[in-house]
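Geometric and topological summary
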Amino acid sequence: MNMFRARLTLIFMALIGASVLAVGIFMASMLRNSYIESLKLNMERELRIIMTTVNMQQTGTEEEKLEFYTKQAELLKKSADARVTFLQADGKVLGDSDRKASELESHANREEIIEAARDGIGYATRYSDSVGKNLLYVALPVPSGGETVGFLRLSMSLTEIDNSIRNVWFVLLGGLAAVFALAALISYRVAFNITRPIELITSVAQQITDMNYKYRVTVNKKDEIGQLGTAINRMADSLQLQMERILEDESRLKSVLENMISGVVMIDREGKIVLLNRSAEEILGFSSMELLGKRFDQAKQQYEFTQLIQECIESREHIRDEMVFYFPSERILEINLNPISQQGQDWSGLLIVLHDITAVRRLERMRSEFVANVSHELKTPIAAVKGFAETLLAGALNDKETARSFLQIIFDESERLNRLIGDILELSKIESKRIPLQFSPIHLAPFVHNCINVLNAQASAKDIKMTMEVPGDLYMEADEDRLRQILINLLSNGINYTPEGGQVSISVQHVPSLTGLAEADQVRFTINDTGIGIPKKDIPRIFERFYRVDKARSRVSGGTGLGLSIVKHLIDLHKGSIRVESEVGVGTTFKIDMPLIH
Ligand code: ADP
């Protein structure tokens with residue numbers, strides 16, 4: 001824009017300059033010509049007048065002739081106000097008003113003389129060395145009896161005309177300079193009033209094109225350009241608003257996509273992956289950097305998955321499937337493939353939604369296993385009760401001794417059944433978190449003493465010694481009933497799995513937090529026995545429901561296989577942790593850490 005304007009101005013100025021110069025040259029030559037023309041006429045007239053008064057046939061010696069004509073010339077110069085020269089027919093100078101005739105060479109070959117001899121009058125303009133000026137020469141032949149006897153020549157300086165032409169030039173050039181100055185001023189004004197605002201508007205428009213919406217045109221006029229500026233500003237406002245809205249929508253959509261648990265992958269018409277959210281990256285084990293822009297069949301995905309996409313592209317119908325993925329980790333995925341249709345297009349790509357249903361499937365499996373386990377566990381005592389009752393009915397009642405032992409078995413089994421059902425109900429209650437914990441301060445020494453008392457009878461029946469070691473001033477915050485359940489379960493297991501004459505001990509310690517914050521202090525319960533111990537391979541599984549290391553022995557001890565599972569759940573609810581150390585034949589130690597306060 002600027003360059004263009006500058007070039008235009010230059011061309012404009014050059015045109016003005018050239019035309020002024022042309023006018024100048026034309027005027028100067030016109031002026032000179034007409035001046036010379038009128039000067040010529042005047043001089044010719046003067047010459048003719050002079051001619052009537054001059055005698056060109058003066059006689060006498062050369063000297064006398066020279067003197068005579070020189071005098072004549074000087075005399076005439078006064079009235080004609082021009083240089084006067086008398087010449088002989090052969091061109092020799094006889095007299096000159098301004099120069100010594102004797103010193104002048106022959107003028108026979110001067111232009112005006114040759115012309116005068118030929119045409120009857122001769123003119124010439126030339127720079128005269130002898131006078132040092134531009135001169136106009138006019139010469140007339142002097143006739144006498146049909147013969148040319150000499151020439152009379154007038155010469156006048158052209159200094160005057162040259163001066164006035166110079167003046168004309170001064171005026172013209174001055175005018176030109178003034179025109180240029182004016183042009184510069186006008187172009188500046190024009191630039192300031194029109195070009196500059198337009199340039200500003202253009203640059204703002206350019207910024208808008210480059211998506212910089214914060215620029216505005218400063219409008220301080222109400223003319224068309226001002227209106228244009230206002231319109232541009234309004235456009236920028238609305239664009240900015242729209243852009244903000246779009247960006248807001250986009251970021252909202254993006255955060256939805258990014259925070260979705262499901263993986264989302266979008267494939268365009270050409271089969272290229274164009275979108276991949278964070279969950280999809282995680283599920284597929286590839287970053288979007290690696291996958292975006294790639295064709296789906298070059299994305300190094302599991303063969304069946306690629307096949308499924310191909311199938312959906314071909315059928316353009318919704319497909320739902322479940323598939324086990326082995327990379328980056330083994331998991332079960334629910335895959336939903338949806339063809340996307342956009343307005344005006346029958347098909348614009350494919351949207352794939354991936355759900356990780358590993359946990360759901362695992363839970364389902366666990367649940368059905370649990371149901372199977374429960375039925376199995378319930379069946380065993382019921383079968384025993386039923387079998388022994390049948391035998392009694394069939395006649396065993398008569399044998400008092402046998403009948404008694406059978407009834408004892410029936411009683412034991414029903415007792416076991418009762419415990420089992422009690423434990424199952426308890427576990428399901430805890431798992432479903434139907435009963436919230438009731439935290440209260442517990443003075444641990446009397447509390448633990450009380451738990452041991454409950455189990456005293458059981459322990460002394462097996463001649464097992466029970467000991468406790470609890471600081472007398474230790475208090476903690478916990479659900480009293482649940483904590484009792486935990487300790488009694490573990491102590492009772494200790495008694496159950498310890499041979500006669502063994503020992504079961506419990507100790508409690510206050511463990512100050514490493515951070516120094518009292519809120520993070522812990523209480524550690526250590527329950528130790530000198531029992532049969534747990535084999536290493538079973539340790540990771542003992543907290544599972546119904547898991548028993550030795551079914552037969554557990555049966556003898558009347559265990560349900562649910563005790564540790566319940567303990568683990570209750571400790572979790574207290575935000576605590578439990579660890580086991582055990583050596584077969586030596587004993588087992590359970591360590592529980594729980595927060596001192598909640
Ligand atoms: P159970 O009702 O059979 O005792 P638990 O869930 O309480 O069920 O325990 C699971 C299994 O862990 C038990 O069957 C037993 O084999 C083992 N176990 C638990 N506590 C001890 C212990 N103190 N010493 C040895 N084995 C134990």
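These numbers were taken from a predicted model, which means no experiment stands behind them. (Residues numbered from 1 in each chain as written. Predicted model: local features only at pLDDT ≥ 70, side-chain atom pairs only at ≥ 80, totals over all residues. Heavy atoms only, no water.)

**Examining the site of the ligand**
To keep it simple, the criterion reads: One heavy atom within 4 Å of a molecule or strand makes the whole residue count as near it. Polar contact is the term for a pair of N or O atoms within 3.5 Å; when the atoms are in protein, one must be able to donate a hydrogen and the other to accept it, and sequence-neighboring residues count only if both atoms are side-chain atoms. Reported accessibility uses the Shrake-Rupley method at a 1.4 Å probe radius. Residues are deemed covered only where the shown protein chains occlude them. Runs of E in the DSSP output that reach at least two residues are strands. Runs of H or I that reach at least four are helices, and both are numbered from the N terminus. Throughout, the ten residues Ala, Val, Leu, Ile, Met, Phe, Trp, Tyr, Cys and Pro are labelled nonpolar, Asp, Glu, Lys and Arg are labelled charged, and all others, Gly among them, are labelled polar.
Every one of the 19 residues lining the ligand counts as a neighbour, but Asn493, Tyr497, Asp529, Thr560 and Leu564 are closest to it. Here leucine 564 contributes a backbone N or O atom positioned 2.8 Å from an oxygen atom of the ligand. Summarising the interface, the protein chains cover 97% of the accessible area of the ligand, which totals 520 Å² for the free molecule. Counting residues per element, the ones that place at least two in the shell around the ligand are α12 (480-496), α14 (563-573) and β17 (587-595). Residues of the shell around the ligand, tallied by class, amount to 8 nonpolar, 9 polar and 2 charged.

**Focus: α12**
Keep this limit in mind: By this rule, a helix spans an expected 1.5 Å times one less than how many residues it contains. For every residue, the accessible area (1.4 Å probe, protein chains only) is compared with the maximum for its type, and the residue is labelled buried under 20%, exposed over 50%, or partly exposed between those bounds.
With 17 residues, α12 extends 24 Å from end C-alpha to end C-alpha; this agrees with the ideal 24 Å at 1.5 Å per step. Taken residue by residue, α12 has Arg482, Leu483, Ile486, Leu487, Ile488, Leu490, Leu491, Ser492, Asn493, Gly494 and Ile495 as its buried positions.

**Some words on the pattern of salt bridges**
Using the following cut-off: By definition, a salt bridge exists where a carboxyl oxygen of Asp or Glu is found within 4 Å of a side-chain nitrogen of Lys or Arg.
Under the defined criterion, the tally for this structure stands at 33 salt bridges. With a shortest N-O distance of 3.0 Å, arginine 126 and glutamate 112 are connected by a salt bridge. With arginine 126 in strand β3 (residues 122-128) and glutamate 112 in helix α3 (residues 111-119), the pair connects residues that are 14 residues apart, well separated along the chain. Given a relative accessible area of 22%, arginine 126 falls into the partly exposed group. As a salt-bridge pair, arginine 278 and glutamate 258 come within 3.5 Å of each other at their nearest N and O atoms. Of this pair, arginine 278 sits in helix α6 (residues 278-284) while glutamate 258 sits in helix α5 (residues 224-259), placing them 20 residues apart in sequence. Overall, the relative accessible area of 43% leaves arginine 278 in the partly exposed class. Glutamate 258 sits in the partly exposed class, given a relative accessible area of 26%.

**Side note on the domain arrangement of the protein chain**
Rule in force here: Boundary definitions for the domains trace back to an automatic or database domain assignment. Contact between two residues is taken to exist if any of their heavy atoms lie within 4.5 Å; hydrogens are not considered. Once two parts are brought into contact, the accessible area they lose, counted with a 1.4 Å probe and summed over both, makes up the buried area.
Taken domain by domain, the protein chain consists of domain 1 (2-163), domain 2 (260-356), domain 3 (361-431) and domain 4 (439-595). A separation of 27 Å is found between the C-alpha centroids of domain 3 and domain 4. Of the residues lining the interface, 16 residues belong to domain 3; the matching set on domain 4 comes to 16 residues. Summing both sides of the interface, domain 3 and domain 4 together bury roughly 1,500 Å²; the carbon and sulfur share of this comes to 58%. On the domain 3 side of the contact with domain 4, Arg416, Leu427 and Ile430 bury the most area, a combined 35% of that side's loss. Between glutamate 377 and arginine 548 there is a salt bridge whose closest N-O contact spans 2.5 Å. Summed over the shared surface of domain 3 and domain 4, the number is 6 residue pairs in polar contact (both at pLDDT 80 or more). Going through the elements one at a time, α9 (358-393) and α10 (400-431) are the ones with two or more residues in the side of domain 3 that touches domain 4.

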